[in-house]
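Below, each chain spelled out in residue letters.
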Amino acid sequence: MNRRKHFLNIYFITILVYATLHGASQAQSGIAQGLCETGANVLNAQTIPFRRQGIPIDYAEQAFDTFIDQPRFWRFMRRAVQQTYADPDGMTRSLRDGSWMGACIRAVQGF
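Report follows, based on the coordinates. Within each chain, residue numbers correspond to sequence positions counted from 1 in written order. A pLDDT threshold of at least 70 governs which residues receive local features in this predicted model, and a stricter bar of 80 or more applies before side-chain atom pairs are shown or counted, although totals over entire chains, interfaces and linings include all residues. Just so you know, side-chain values use all the structure's heavy atoms and leave hydrogens and water out.

**Overview of the state of the cysteines**
Line of reasoning, step 1. Two cysteine sulfurs form a disulfide in these notes if their separation is within 2.5 Å. Inspection of the entire model under this criterion finds 1 disulfide.
Line of reasoning, step 2. Paired through a disulfide, Cys36 and Cys104 show a sulfur-sulfur distance of 2.1 Å. With the S-S bond torsion at -85 degrees, the cross-link from Cys36 to Cys104 turns out left-handed. With a gap of 68 residues between them, Cys36 in helix H1 (residues 2–53) and Cys104 in helix H5 (residues 99–109) connect regions that are remote in the sequence. In this pair, the class of Cys36 matches that of Cys104, namely buried. Here a helix means four or more residues in a row that DSSP labels H or I, a strand means two or more in a row labelled E, and each is numbered from the N terminus. Residue burial is assigned from relative accessible area. The probe radius is 1.4 Å, only protein chains are included, and a residue is buried under 20% of its type maximum, exposed over 50%, and partly exposed in between.

This is the structure in structure tokens:
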């Protein structure tokens, strides 16, 4: 009987650890999704028009300086601004087809 109780304790602890880790993963995914949606909106509403109007890249990059406390997101967005200035039409396509969002989420999550 003691063995069965020990087994049940290990079983429930395993389930608890799995549920906790799974919940943390879901929470991180939600944060990454929110950050990336914000980034996509800024790219569409500000960065691409800035590039087309000839506004220097420094001004477009400054839009993301408030996210310095989220280093993965900040670095990804700085690269996205540079890519936008190099090829605004390519960035528009990747935002529309969803490939940019997937890349952003993976970069922000780190996996």
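**As for the environment of Ala86**
Line of reasoning, step 1. Along the chain, the position of Ala86 falls in helix H3 (residues 71–86).
Line of reasoning, step 2. For Ala86, a relative accessible area of 64% puts it in the exposed group.
Line of reasoning, step 3. For the pair Ala86 and Arg51, spaced 35 residues apart in the sequence, the C-alpha separation amounts to 8.9 Å.

**Quick word on the nonpolar core**
Line of reasoning, step 1. Buried residues of nine kinds, namely Ala, Val, Leu, Ile, Met, Phe, Trp, Tyr and Cys, make up a nonpolar core once their side-chain atoms join them within 4.5 Å. Counting residues in each nonpolar core, the largest one holds 21 residues, and the members touching the most others are Leu43, Phe73, Met77 and Trp100.
Line of reasoning, step 2. Contributions of two or more residues to this core are made by H1, H3, helix H4 (88–97) and H5.
Line of reasoning, step 3. Setting aside its immediate chain neighbours within four residues, Trp100 contacts Cys36, Gly39, Ala40, Leu43, Phe76, Met77, Ala80, Met91, Ser94 and Leu95. A contact between two residues is defined here by any heavy atoms of the two lying within 4.5 Å.

**Details of the pattern of salt bridges**
Line of reasoning, step 1. Note on definitions: salt bridges are taken to be side-chain nitrogens of Lys or Arg within 4 Å of carboxyl oxygens of Asp or Glu. Tallied over the full model, the rule gives 3 salt bridges.
Line of reasoning, step 2. The salt bridge involving Asp65 is made with Arg78; its shortest N-O contact spans 3.3 Å. Of this pair, Asp65 sits in the loop between helix H2 (57–62) and H3 while Arg78 sits in helix H3, placing them 13 residues apart in sequence.
Line of reasoning, step 3. The exposure class of Arg78 is partly exposed, given its relative accessible area of 22%.
Line of reasoning, step 4. A single network of salt bridges, built from pairs that share partners, joins Glu61, Asp65 and Arg78.

**Re H5**
Line of reasoning, step 1. Looking only at H5, the buried set comprises Trp100, Cys104, Ile105, Val108 and Gln109. Taken end-on, H5 shows its buried residues confined to a sector of 155 degrees, consistent with a single buried face.
Line of reasoning, step 2. Just downstream of H5 lies Gly110, where phi reads positive at about 85 degrees. Directions are taken from the helix axis to each C-beta atom, and the arc is the one they span.

**Focus: the packing of aromatic side chains**
Line of reasoning, step 1. Think of it this way: a Phe, Tyr or Trp ring, Trp meaning its six-membered ring, pairs with another when their centres are within 6.5 Å, and the plane angle makes it stacked under 30 degrees, edge-to-face over 60, tilted otherwise. Summed over the entire model, instances satisfying the criterion amount to 3 aromatic pairs.
Line of reasoning, step 2. With a centroid separation of 6.4 Å and an interplanar angle of 80 degrees, the aromatic rings of Phe64 and Phe73 are classed as edge-to-face. Across the pair, exposure class does not vary: Phe64 and Phe73 are buried alike.
Line of reasoning, step 3. Geometrically, the ring pair formed by Phe67 and Phe73 is edge-to-face, given 5.0 Å between the ring centres and 80 degrees between the ring planes. Each member of the pair, Phe67 together with Phe73, is buried.
Line of reasoning, step 4. Site record: aromatic cluster; members linked through ring pairs are Phe64, Phe67 and Phe73.

Purely geometric stuff here, so don't read any function into it on its own.
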